[in-house]
Amino acid sequence: MTWTVNSCFVTLAILFLWRGEEVAEACSCSPAHPQEAFCHSDVVIRGKVVGVQEVDAGNDIYGNPIKRIKYDIKQIKMFKGPSDDVDAIYTAPTSAVCGVTLEKNGKEYLITGKLKDDGTMHITLCDFLQPWDELSETQKKSLTQRYEMGCGCKITRCTSIPCMVSSPAECLWTDWLIEKKVYGGQAKHFACIKRSDDSCAWYRGSAPPKKEFMDIEDP
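Notes on the structure in this doc start here. (Residues numbered from 1 in each chain as written. Predicted model: local features only at pLDDT ≥ 70, side-chain atom pairs only at ≥ 80, totals over all residues. Heavy atoms only, no water.)

With that out of the way, let us pick up the overall build of the chain. Looking only at helices and strands, one finds six helices and ten strands in the chain. Within the span of the chain, comprising 219 residues, buried residues form 36% of the whole. Here the analysis covers contacts within the chain between residues at least 6 apart in sequence; of these, 52% occur between residues at least 24 apart. Total accessible area on the chain is roughly 13,100 Å²; 54% of this is exposed by carbon and sulfur atoms. (Helix = DSSP H or I, 4+ residues; strand = E, 2+ residues; numbered from the N terminus. Buried < 20%, exposed > 50% of the residue type's maximum accessible area, 1.4 Å probe, protein only. Contact = heavy atoms within 4.5 Å. Areas by Shrake-Rupley, 256 points an atom, 1.4 Å probe, with all protein chains shown as cover.)

This structure, assessed with the given rule, holds four aromatic pairs. Their ring planes at 10° and their centres at 6.0 Å tell us that F79 and W132 sit as a pair that is stacked. Of this pair, F79 sits in strand β2 (residues 65-80) while W132 is found in the loop between β6 (129-131) and α3 (137-142), placing the two residues 53 residues apart along the sequence. With respect to burial, F79 and W132 carry one shared label: buried. Put simply, the rings of F128, W173 and Y183 pair up and form one aromatic cluster. A cation sits over an aromatic face here: K80 above F38, 5.3 Å from the ring centre. (Phe/Tyr/Trp six-rings, centres within 6.5 Å; stacked < 30°, edge-to-face > 60°. Lys NZ or Arg CZ within 6 Å of the ring centre and 35° of its normal.)

Under the criterion given, the structure shown has five disulfides. Through a disulfide, C153 is tied to C200; the S-S separation comes to 2.0 Å. Handedness here is read from the sign of the S-S torsion; for C153 and C200, about -85°, the answer is left-handed. Of this pair, C153 sits in the loop between α4 (146-149) and β7 (154-157) while C200 is found in strand β10 (residues 200-203), placing the two residues 47 residues apart along the sequence. (Disulfide = S-S within 2.5 Å.)

Time to look at the pattern of salt bridges. Per the counting criterion, the structure on display carries five salt bridges. For E137, the salt bridge is made with K140, and the minimal N-O distance between the two is 3.6 Å. With E137 and K140 both in helix α3 and three residues apart, this pair spans about one turn of that helix. (Salt bridge = Lys/Arg side-chain N within 4 Å of Asp/Glu carboxyl O.)

Within this model, the largest pocket holds a volume of roughly 170 Å³. Lining the largest pocket are R68, Y90, T91, A92, V97, K114, K116, H122, I123, T124 and D127. Looking at side-chain class alone, the lining of the largest pocket contains four nonpolar, three polar and four charged residues. (1 Å grid on protein atoms, 1.4 Å probe; cavity = no way out; pocket = protein on both sides within 12 Å on 5 of 7 lines; lining within 4 Å. Points joined across faces, edges and corners; volume = space filled by probe spheres on them. Nonpolar A, V, L, I, M, F, W, Y, C, P; charged D, E, K, R; others polar.)

Moving on: the environment of G58. Within the secondary structure, G58 sits in strand β1 (residues 43-59). For the pair G58 and R68, spaced ten residues apart in sequence, the C-alpha to C-alpha distance is 9.7 Å. Aside from chain neighbours lying at most four places away, what touches G58 is N64, P65 and I66.

Attention now moves to the pairing of β1. The sheet contact formed by β1 and strand β4 (residues 108-115) spans six bridges and is antiparallel. Paired with K48 across the bridge in β4 is E108. The sheet contact formed by β1 and β2 spans 13 bridges and is antiparallel. Its bridge partner lying in β2, G47 is registered against Q75. (Pairing = 2+ DSSP bridges.)

Written as structure tokens, this is what we have:
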């Protein structure tokens, strides 16, 4: 009886350690509003893939080789980033470790990502990546000025009631609560902009918002 109980504990311990390692390697992150993705990224570009290859990226702490997928990119427009064009993007080899799959078929993407110390751009599943043709006209226009105007605001994702802001400089993102989809109307058509009194509010409009605007404006 004692041996059986001890064996069970050993088995559970091994399973726990195995599952813990698996969880540690899994990819998990919360969705970000396109404005947040813009503000928190080092680089935001419109581009398409012209080549792809697996490359070595050094070794891990155990001496095992680290692989990365390198996408050769034709940059069409840079909305945020360094002075030089981005000609390559790196990502992990599988989605289990947040790797991103991009198609090499002429499809154009909006790509957000981070810059490493060596100047290379890296992307993960936690970054905002969308086919360019799937963006709304408001999202495309907001990339040039409006999102940047709201980088001093905080967008709080609301998934259940009650849901409230903790400061005047916040906007509640309610797409999931109201529409049961991550990227609904607020993600596609609104930006959270700082007003003249330093509070923030959702804005929808065809022109850049007036500094003194007091509420949501429609086109």
